[in-house]
Amino acid sequence: MGMTIIEKILARASGVAKVSPGDLVSVRVDTVVMFDNNFIPNIWREILKLDDPKKLVVVFDHRVPASHIPSAISHQNGRRFVEKFGIERFHDIGPKQGICHVLVADHAYALPGTVLVCSDSHTCSAGAFNCAARGVGAPDIMYAATKGETWYRVGETIRYQLEGALSPAVSMKDVFLHIADTYGEHANTNVEYGGPALGGLSINARRTLATMSAELSAEFATFEADEILLDYIRARNPAPFEAQAPDANAEYADVRTIRLDEIEPLVALPDTVLNNSRPVAEVAGERIDQAFIGSCANGTLDDLTVAAKVVAGRQVSPKVRLIITPGSQTIYREAVAKGIIGTLIEAGAVITNPTCGACSGGHLGVLGPNETCITASTRNFKGRMGDPSARIFMASPATVAASALKGEIADPSEFLR
Amino acid sequence: MNITGKITGKVWKFGDNINTDLILPMKIYYLTPQEQTRYVFEANRPGWADEVEAGDIIIGGRNFGMGSSRPAARSLKNLAIGCLLADSINGLFYRNCVNWGFPALEVPGVDAAFDEGDTAEISFDDFAVRNLTTGANLEGIAMPEQLLKIFKAGGIYPLLEAEGLIAPPA
Ligand code: SF4
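Residues numbered from 1 in each chain as written. Chains lettered and ligands numbered in written order. Predicted model: local features only at pLDDT ≥ 70, side-chain atom pairs only at ≥ 80, totals over all residues. Heavy atoms only, no water.

Comments concerning the overall build of chain A
Stated formally: Going along the chain from the N terminus, every DSSP run of H or I of four or more residues is numbered as a helix, and every run of E of two or more is numbered as a strand. Only C-alpha atoms enter the radius of gyration; for comparison, a globular chain is expected to reach 2.2 Å times N to the power 0.38, where N is the number of residues. Categorising residues by exposure relies on relative accessible area from a 1.4 Å probe, with only protein chains included: less than 20% of the type maximum marks a residue as buried, more than 50% marks it as exposed, and the intermediate range marks it as partly exposed. The contact criterion used is simple: two residues touch if any of their non-hydrogen atoms lie within 4.5 Å. Accessible areas in this description were obtained via Shrake-Rupley with a 1.4 Å probe; residue shielding takes into account the shown protein chains only. This count recognises Lys and Arg as positive and Asp and Glu as negative, with His and chain-terminal groups excluded. Each charge is placed at NZ for Lys, CZ for Arg, CG for Asp and CD for Glu.
Helices and strands together make up the secondary structure of chain A, namely 13 helices and 18 strands. Expected size for 417 residues packed as a compact globule is a radius of gyration near 22 Å; at 20 Å, chain A falls within 12% of this value. C-alpha atoms of chain A, sized along the principal axes, occupy 60 × 50 × 40 Å. Per-residue burial for chain A yields a buried fraction of 64% across its 417 residues. Taking the intrachain contacts of chain A between residues at least 6 apart in sequence as the baseline, contacts between residues at least 24 apart amount to 75%. For chain A, the accessible area works out to roughly 13700 Å², and carbon and sulfur atoms hold 50% of it. For chain A, the distance from the average position of its 39 positive side-chain charges to the average position of its 47 negative side-chain charges is 5 Å.

If you want it as C-alpha cells, here you go:
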C-alpha cells in the first residue's frame with residue numbers, strides 16, 4: 001500500500017522508506033517556532049546550546065504589548081534568548097508583530113514537505129502549506145531546539161475530498177463547523193484535505209480550515225500542494241523544498257466528500273464545536289454582548305474584508321462590542337491601505353493590535369459573568385474567553401459581523417448576495 | 001512518580017472530551033506550578049483540587065486532554081495523581097504527559113468499567129488494569145519503550161539538563 005501526504009513527509013524526515021499507522025518515528029525538524037508562552041518563568045529553562053539558530057523563529061503574540069508584569073518578564077526572557085543566539089527571524093512588538101501561525105503564513109516559514117514544530121495547539125495551521133506541522137508541548141520545543149529532532153506516533157489518516165464552490169455568505173469556517181458537527185472528534189487521527197475545490201480556495205481560506213482542525217483533535221492536518229500554493233511560497237521564501245502528494249494507492253481510514261455548495265452558515269453552540277452546530281436560522285435572535293473576529297484562524301485579510309463588506313455604511317448595535325483583531329501587522333497595514341479598517345471603524349468596530357487577545361481570554365476583550373459572545377476565533381470552551389458562566393457561540397466572520405449589527409445572532413446572507 | 005510495578009488508587013471520573021482549559025485555566029497561567037494545582041477542574045468541578053489525595057486515579061472517556069498545549073499534565077503530576085486512565089488520550093495531551101513525566105495510559109473500555117470511588121490497580125509491567133471493587137480486568141495499550149524512558153526520567157527537562165543542553169531551574 002502507498003502512503004498519505006503526512007506519512008510521506010514523516011518517512012522522509014525520519015530517513016526511512018515507509019511509515020505506517022502505529023509506528024513511533026523520530027524525525028528531523030526543519031523549523032522551530034517559539035512564542036512568548038515558552039518564556040514564561042514557570043516554564044522557561046535557559047537554553048545552553050542550540051542545534052541550529054537558523055531553524056528558529058521567535059514570536060511574541062499571546063500577550064502583546066505586555067498586559068501585566070509577568071508577560072513583560074516573559075518578553076524580556078525571549079529577547080535575551082534571541083540576542084544570545086543571534087536569532088534572525090524574530091517578531092518583537094513592532095512592525096513585524098503578529099500571531100505566530102499567521103506570521104508563518106505571511107513569511108512562508110513553513111515549506112511544503114518539511115517538518116515544523118511549535119508548542120501552540122493551532123500549529124496545524126501550517127498544514128495548509130503541505131507541511132507536517134502540529135502542536136507539541138513546551139518541553140518538546142526545548143528538545144527540538146537543542147537536538148534538532150522530535151518524535152511522532154503515526155496515526156491513521158482520514159481524507160476530506162473538497163468539491164464544488166462556496167456560496168457568497170459561506171466561508172471555510174462554516175465548512176469546518178459542518179465537519180466538526182457531522183463527524184465529531186478525530187483524536188489520534190490525521191486529516192488530509194484535497195480535491196477539485198482547492199483551485200477555488202485562497203490560501204487564507206485553506207488556513208482557516210487547517211487551523212481549525214486542532215478543534216477536531218486531529219493530529220496532523222495536511223493540504224495537497226497545488227500551483228496556487230507553490231506560487232505563494234516561491235513569492236515569499238527562496239529556500240528549496242519538495243512538496244509531497246499522496247500515493248494513488250494510499251491507505252485511508254475513511255474518505256469523505258464535502259460539497260462546498262451544500263454548506264450553509266452555521267453557528268456552534270457554547271462549550272464545544274463537536275456535534276454542536278445549528279443552521280444560523282435556528283439560533284438567530286439570541287442576544288449578544290460581544291462579537292469578536294480575530295485569531296490565527298480568522299484574522300486574515302479575507303476575514304477583515306468580508307466583515308467590512310457586511311458592516312459597510314451600517315452601524316454596530318450600541319449594545320454590542322465588536323472587537324476585531326488583524327492577525328499580523330502586515331495584514332493590518334494592507335487593510336488600512338485598502339480602506340477596510342476605515343470602514344470597520346466607521347461602523348463602530350474596535351480594532352486591536354495583532355495579538356491572541358480575546359481569543360485566549362488573556363487580555364483585550366475578556367468576558368464577564370453571564371455575558372454572551374459570538375466569536376470567529378478558534379475555541380468556545382467554557383471559560384475560554386473569560387468567566388466560566390459566559391456563553392460563547394462560534395461562527396464565521398460574516399455571521400459575527402451581521403450579528404454585531406443586529407445585536408443578536410443573525411444570518412449574514414442578506415448582506416452578501 | 002512511580003512508573004514501575006503496581007499502583008492502586010481511588011478513582012475519580014470525568015467523562016469524554018475533557019479539555020485543557022478546564023485543567024489549567026488561562027487566568028492562572030502565570031502563577032507558580034504549585035499554585036496552579038489549586039485551580040484544576042475549577043470550572044467543571046469546583047473544590048475537587050482540595051478533595052483529591054495523592055495517589056488517586058483519574059479516569060476519562062474519549063479524547064482526554066483535548067485543546068491547548070499548555071502544561072496541564074504538569075498540574076496533574078503536581079497534584080500527585082497516581083495515573084490517568086482513559087479510553088483514548090488526546091495526542092497533544094499524551095505528549096505533555098510524556099514531557100512532564102506524568103503516567104498516562106490508554107485503556108479501551110476503562111470509562112465503562114469503573115464507577116467513581118472504585119479502586120483501580122495498574123501494573124506498569126504489563127499495562128494491565130484491574131477494578132479491585134468489581135474484579136473487572138482490562139488491558140491498557142503498552143507505553144512504547146522509547147517514551148517509557150522519558151516518563152521514567154521524570155520528563156524531558158531532566159534529560160536535557162543531564163546532557164548539558166538546558167540550565168537547571170533558576
Ligand atoms: S489566536 Fe488563539 S488559537 Fe491562535 S495561537 Fe493565539 S490563542 Fe491560540
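Examining the overall build of chain B
In terms of regular secondary structure, chain B is built from 8 helices and 7 strands. Relative to the 2.2 N^0.38 estimate, which gives 15 Å for 170 residues, the radius of gyration of chain B is 15 Å and therefore close to what a compact globule would have. Counting only C-alpha atoms and orienting by the principal axes, one finds that chain B spans roughly 45 × 35 × 25 Å. Across the 170 residues of chain B, 58% fall into the buried class. Within chain B, contacts between residues separated by at least 24 positions form 67% of all contacts whose residues are at least 6 apart in sequence. Working note: accessible area of chain B is about 6300 Å², and carbon and sulfur atoms make up 49% of it. Measuring between centres, the 14 positive side-chain charges of chain B sit 3 Å from its 21 negative side-chain charges.

Looking at the sheet that holds strand β5 (residues 115–118) of chain A
All names here are of chain A. Under the convention used in this document: Between any two strands, pairing holds if DSSP finds at least two bridges.
Taken together, the 5 strands give an open sheet; going across it, the order is β4-β3-β2-β5-β6, and neighbouring strands pair in parallel fashion. A strand with exactly one partner marks an edge of an open sheet, and here the two such strands are β4 (90–91) and β6 (132–135). The pairing of strand β2 (residues 31–35) with β5 spans 3 bridges and is classified as parallel. Counterpart to Thr31 in the pairing with β5 is Leu116.

Some words on the pattern of salt bridges
Here is the rule we go by: Any carboxyl oxygen of Asp or Glu that lies within 4 Å of a side-chain nitrogen of Lys or Arg is treated as forming a salt bridge with it.
All told, the structure shown has 29 salt bridges over all chains when counted by the stated rule. Its salt-bridge partner being Glu163 of chain A, residue Arg259 of chain A comes within 3.4 Å of it at the nearest N-O pair. Linking Arg259 of chain A in strand β11 (residues 254–259) with Glu163 of chain A in strand β8 (residues 156–163), this pair joins segments that are 96 residues apart in sequence. Owing to a relative accessible area of 23%, Glu163 of chain A belongs among the partly exposed residues under this scheme. One salt bridge connects Glu42 of chain B with Lys27 of chain B, and the closest N-O pair in it is separated by 3.1 Å.

Here's the deal with helix α7 (residues 227–234) of chain A
Residue and element names in this part refer to chain A. This is how the line gets drawn: Read the arc as the range of directions from the helix axis to the C-beta atoms.
Every buried residue of α7 is accounted for by Leu229, Leu230, Tyr232 and Ile233. Along the long axis of α7, the arc covered by the buried residues comes to 160 degrees, so they all point the same way. Packed against the buried residues of α7 are α3 (100–106) and α6 (203–212).

Digging into the interface of chain B and chain A
Cut-off, in case you're wondering: Summed over both partners, the accessible area lost on bringing two parts together, with a 1.4 Å probe, is the buried area. The term polar contact refers here to a pair of N or O atoms within 3.5 Å; inside protein, the definition further demands a hydrogen-donor-capable atom paired with an acceptor-capable atom, and it admits residues adjacent in sequence only when both atoms are side-chain atoms.
The partner chain A presents 47 residues to the 46 residues of chain B that form the contact. Buried area between chain B and chain A, both sides added, is near 4100 Å², and the carbon and sulfur share of it is 56%. Area buried by chain B at its contact with chain A is led by Tyr30, Arg95 and Tyr157 of chain B, which between them contribute 21% of it. Seen at the junction of chain B and chain A, the total is 6 salt bridges. For Arg153 of chain A, the salt bridge is made with Glu106 of chain B, and the minimal N-O distance between the two is 3.8 Å. In this assembly, chain B and chain A are joined by 23 residue pairs in polar contact (both at pLDDT 80 or more). The set of elements that each furnish at least two residues to the side of chain B that touches chain A consists of α2 (33–36), α5 (91–100), α7 (145–153) and α8 (156–162) of chain B.

Overview of the site of the ligand
Quick reminder of the rule: Think of it this way: one heavy atom of a residue within 4 Å of a molecule or strand is enough to make that residue near it. Charged means Asp, Glu, Lys or Arg here, nonpolar means Ala, Val, Leu, Ile, Met, Phe, Trp, Tyr, Cys or Pro, and polar covers whatever is left, Gly included.
The local shell around the ligand consists of His62, His101, Asp120, His122, Ser295, Cys296, Cys356, Cys359, Ser360, Thr378 and Arg384 of chain A. Considering only residue class, the shell around the ligand consists of 3 nonpolar, 6 polar and 2 charged.

Quick word on the pairing of strand β17 (residues 372–376) of chain A
Residue and element names in this part refer to chain A. Burial within β17 is extensive, with 5 of its 5 residues counted as buried. Side chains Thr372, Ile374 and Ala376 project from β17 onto one buried face, and the interleaved Cys373 and Thr375 project onto a second face that is buried too. Bridge count between strand β14 (residues 290–293) and β17: 4 bridges; the pairing is parallel. If you follow Gln290 over to β17, its bridge partner there is Cys373. Pairing geometry for β17 and strand β18 (residues 391–394), over 4 bridges, is parallel. Within the sheet, the bridge partner assigned to Thr375 lies in β18 and is Met394.

A short note on the packing of α5 of chain B against α7 of chain B
Residues and elements named next belong to chain B. In plain terms, the rule: The axes are straight lines fitted to the C-alpha atoms, using for helices just the contacting stretch, and the angles between their N-to-C directions are given from 0 to 180°. Oblique is the label for any angle not under 35 degrees, not over 145, and not in the 65 to 115 range, which are roughly parallel, roughly antiparallel and roughly perpendicular in turn.
It is at 6 Å that the axes of α5 and α7 come closest, and there the two elements cross at 50 degrees. Viewed along their axes, α5 and α7 adopt a mutual orientation that is oblique. Residues Tyr94, Cys97 and Val98 of α5 pack against Leu147, Ile150 and Phe151 of α7. Taken together, the residues of the contact of α5 with α7 break down into 6 nonpolar, no polar and no charged.

Some words on the packing of aromatic side chains
So the rule is basically this: We call Phe, Tyr and Trp rings a pair once their centres come within 6.5 Å, taking the six-membered ring for Trp, and we label the pair stacked below 30 degrees between planes, edge-to-face above 60, and tilted otherwise. Definition used: whenever NZ (Lys) or CZ (Arg) falls within 6 Å of the ring centre and also within 35 degrees of the ring normal, the charge is taken to sit over that ring.
Applying the stated rule across the entire model yields 19 aromatic pairs over all chains. Clustering of aromatic rings is evident, with ring pairs tying together Phe39, Trp44, Phe60, Phe81, Phe85 and Phe90 of chain A. Of note, Arg89 of chain A hangs over the ring of Tyr109 of chain A, and the distance from its end group to the ring centre comes to 4.9 Å. Its end group placed over the ring of Trp100 of chain B, Arg74 of chain B keeps NZ or CZ at 4.8 Å from the ring centre.

Some thoughts on the sheet that holds β11 of chain A
Residue and element names in this part refer to chain A. Strand order across the open sheet formed by 4 strands is β10-β9-β8-β11, with parallel pairing between neighbours. On the outer flanks of this sheet lie β10 (221–223) and β11, each paired with one strand and no other. Direction aside, the axes of adjacent strands within the sheet are offset by 20 degrees on average. Direction of pairing for β8 relative to β11: parallel, over a ladder of 6 bridges. Across the sheet, the residue bridging to Ile158 is Asp254, located in β11. Of the strands in this sheet, β8, β9 (189–194) and β11 touch helix α5 (residues 172–183), which is tilted by about 135 degrees from β11.

Nothing here speaks to function; it is geometry throughout.
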